[in-house]
Amino acid sequence: MSETRKLSSYELVLDPKPAAHFGVGAVSKVGELAAAQGAKSALIITDPFLGASPICAEVRGSLEAAGLAVSVFDGVTPNPTTACVDAGSDAGAAAKCDILIALGGGSSMDTAKGVSLGAVNPERGVALDYSTEFKNSGIPIIAIPTTAGTGSEVNAFGVITDEITHKRFYVGHSSALAKAAILDPKLTVGLPAKATAATGMDALVHATESYISARPNPYSDGIALQVVEMVSQNIVTACTKGDDIEARSQMLLASHIAGVGFSHTGLGLVHGIGHALGGQFNIPHGVALCLVLEEVLKFNLPHRVSRFARLAFALGVGDTAKNDAQNADAAIARIAELVKQVGLKGKLSDFGITHENLSSLANDAVEDAVTNNNPVAPTREQVIAIMEKTL
Ligand SMILES: NC(=O)c1ccc[n+]([C@@H]2O[C@H](COP(=O)([O-])OP(=O)(O)OC[C@H]3O[C@@H](n4cnc5c(N)ncnc54)[C@H](O)[C@@H]3O)[C@@H](O)[C@H]2O)c1
Ligand SMILES: [Fe+2]
């Protein structure tokens, strides 16, 4: 039986994404792009490290040179919380800004989506959930990723942790989709090896989960295979030789187009468990994904043998003399090897997780909307069994 539905049974909307300006040095365009939106007052949304960095100074300089007033909210935390979004929303409302510059990794870009809505609407906390009908459209965003992994610049939702329940939920609205993105590989050169590894593996997981998802399509398939090839060929160099601008360029564009691909398919159980681990234990996103990646892929394997076999060729380990089952095994083995090579092999217990925590983590994972796109719907017990293997 075919592993996926016939294309003739699909209805697809291949929706436009923000114009993405890629190139070494492209960050200098931010002022001109903001002015082209008719903006007069910008609020940069970023984290404390980047807020104090020359990257933020360059962004500010470009905006000011284009005639905009500039203020900065630098209160973004990794795995951003409702408190972080609420503080940013208050800052946005006080600044009376008419454009937001989301500068940083997924945490800053996701926070900016919440702020975009919160600054012009009364909702706060979990009420900024994407299912809310907001009275006012969000403040326009220009997104500038400084990590290569999340692809958050191409979608309209952000993953936020509810401070009270420690569950992750999705803020967002179609108006919170960035109006433009700037992809400047130079900005990612200073990203430390461990963060390069974690964010780069996030992009690989986006492509892999999109490719094996419950509703893949030829548009996202082409993207996913290309991303898997680009990441698997460049992630080790990007980690070990951080100033290799070609490897950085490959990783940044791969991350971006992976985001375009998965916005047409959704993700899967690796992200379902990863979000639960991020929400309850504040583990960095890409690190959390790598903890359970191999075991989730093995769980999904029987439902996607021929797709895993094709992934083997994108990963550079396919062998035409072997059958699909052998190539599929080789694909998973290669992904597991990449996790090791970039230094992200670990156990849940390394983060203080014990058997007692698994039930609550499994509850959050099966309830997460991303898990609906897994090729097969997992039970709570199956999710617990997957996590037991990596405890
Ligand atoms: N919306 C989406 O589509 C989507 C997709 C995947 C992940 N996410 C979310 O994104 C978040 C993770 O984002 P992330 O992995 O990019 O990490 P991050 O934004 O949390 O950044 C990680 C660290 O890297 C530092 N950093 C960022 N850029 C740097 C640079 N150029 N030089 C030096 N240091 C730099 C930051 O200061 C921070 O300390 C998670 O909350 C995750 O759930 C969202
Ligand atoms: Fe992700």
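For clarity, every value in this text was computed on a predicted model and none was experimentally measured.

## Brief notes about the overall build of the protein chain
No. 1: In terms of regular secondary structure, the protein chain is built from 14 helices and eight strands.
No. 2: Computed over C-alpha atoms, the radius of gyration of the protein chain comes to 20 Å, within 12% of the 21 Å expected from 2.2 N^0.38 for 391 residues, which places it in the range of a compact globule.
No. 3: Here the C-alpha coordinates of the protein chain stretch approximately 60 × 45 × 45 Å along the principal axes.
No. 4: The buried share of the protein chain, reckoned over its 391 residues, is 57%.
No. 5: As presented, the protein chain carries roughly 15,200 Å² of accessible surface, and 55% of it is formed by carbon and sulfur atoms.
No. 6: Here the protein chain contributes 29 positively and 39 negatively charged side chains, and the mean placements of these two sets differ by 3 Å.

## Remarks on helix α3 (residues 54-65)
No. 1: Its twelve residues place the ends of α3 16 Å apart at the C-alpha level, agreeing with the 16 Å of an ideal helix rising 1.5 Å per residue.
No. 2: Just past α3, the residue Gly67 takes up positive phi, approximately 95 degrees.

## Digging into the coordination of the iron ion (ligand 2)
No. 1: Taken together, Asp202 (OD), His206 (NE2), His271 (NE2) and His285 (NE2) make up the full set of protein donors to the iron ion (ligand 2), lying 2.0 to 2.2 Å away.
No. 2: For the iron ion (ligand 2), the four donor atoms in the first shell make angles of 82 to 170 degrees at the metal, a pattern classed as irregular.
No. 3: Between consecutive donor residues of the iron ion (ligand 2), the sequence gaps follow D-x3-H-x64-H-x13-H. Taken together, the positions of Asp202 in helix α6 (residues 193-211) and His285 in helix α10 (residues 285-300) put the pair 83 residues apart, joining distant regions of the chain.
No. 4: On the basis of relative accessibility, which here comes to 2%, the residue Asp202 falls in the buried class.

## A closer look at the domain arrangement of the protein chain
No. 1: Here the protein chain is described as being made up of domain 1 (19-188) and domain 2 (193-388).
No. 2: For domain 1 and domain 2, the distance between their C-alpha centroids amounts to 26 Å.
No. 3: Taken residue by residue, the interface counts 26 residues in domain 1 and 29 residues in domain 2.
No. 4: Carbon and sulfur atoms supply 60% of the area that domain 1 and domain 2 bury against each other, a total of about 2,200 Å² over both sides.

## Quick word on the pairing of strand β5 (residues 141-145)
No. 1: For β5, the tally of buried residues reaches five of five residues, placing the bulk of the element in the interior.
No. 2: Here β5 shows a buried face lined by Ile141, Ala143 and Pro145 and a second buried face lined by Ile142 and Ile144.
No. 3: Here five bridges tie strand β4 (residues 99-104) to β5, and the two strands are oriented parallel to one another. Its bridge partner being in β5, Ile101 is matched across the sheet by Ile142.
No. 4: Following the backbone out of β4, through helix α5 (residues 106-118) and into the adjacent parallel β5, one traces a crossover that is right-handed.

## Section: the packing of α6 against helix α7 (residues 218-240)
No. 1: One way to put it is that α6 packs onto α7 with a least axis distance of 8 Å and a crossing angle of 160 degrees. It follows from the interaxial angle that α6 and α7 lie roughly antiparallel. Between α6 and α7 lies a crossing whose hand is left-handed. Between α6, through Ala193, Thr196, Ala197, Gly200, Met201, Ala203, Leu204, Ala207, Thr208, Ser210 and Tyr211, and α7, the contact on the second element is made entirely by Ser220, Asp221, Ala224, Leu225, Val227, Val228, Val231, Ile235, Ala238 and Cys239.
No. 2: In terms of residue class, the contact of α6 with α7 is built from 15 nonpolar, five polar and one charged.

## Considering the nonpolar core
No. 1: If you look at the biggest cluster of nonpolar residues, it comprises 68 residues, and the most contacted ones within it are Met201, Ile273, Leu277, Leu311 and Leu344.
No. 2: Shared between two domains, this core takes at least three residues from each, and those domains are domain 1 (19-188) and domain 2 (193-388).
No. 3: The next biggest cluster of nonpolar side chains, apart from the first, holds 22 residues, and it includes Ala26, Ile55, Leu63 and Ile101.

Conventions we followed
Residues numbered from 1 in each chain as written. Chains lettered and ligands numbered in written order. Predicted model: local features only at pLDDT ≥ 70, side-chain atom pairs only at ≥ 80, totals over all residues. Heavy atoms only, no water. Helix = DSSP H or I, 4+ residues; strand = E, 2+ residues; numbered from the N terminus. Rg over C-alpha atoms; globule rule 2.2 N^0.38 Å. Buried < 20%, exposed > 50% of the residue type's maximum accessible area, 1.4 Å probe, protein only. Areas by Shrake-Rupley, 256 points an atom, 1.4 Å probe, with all protein chains shown as cover. Lys, Arg positive; Asp, Glu negative; His and termini not counted. Charge placed at Lys NZ, Arg CZ, Asp CG, Glu CD. Expected span 1.5 Å × (residues − 1). Donors = N, O, S within 2.8 Å, 3.2 Å for Na, K, Ca; no water. Tetrahedral: all angles 85-135°; square planar, octahedral: opposite > 155°, others 65-115°. Domains from an automatic or database assignment. Contact = heavy atoms within 4.5 Å. Buried area = accessible area lost by both parts, 1.4 Å probe. Pairing = 2+ DSSP bridges. Right-handed = clockwise from strand over helix to strand, strands pointing away. Axes fitted to C-alpha atoms, helices over the stretch in contact; angles between N-to-C directions. Parallel < 35°, antiparallel > 145°, perpendicular 65-115°, else oblique. Left-handed = near helix turned anticlockwise from the far one by under 90°. Nonpolar A, V, L, I, M, F, W, Y, C, P; charged D, E, K, R; others polar. Core = buried A, V, L, I, M, F, W, Y, C linked by side-chain atoms within 4.5 Å.

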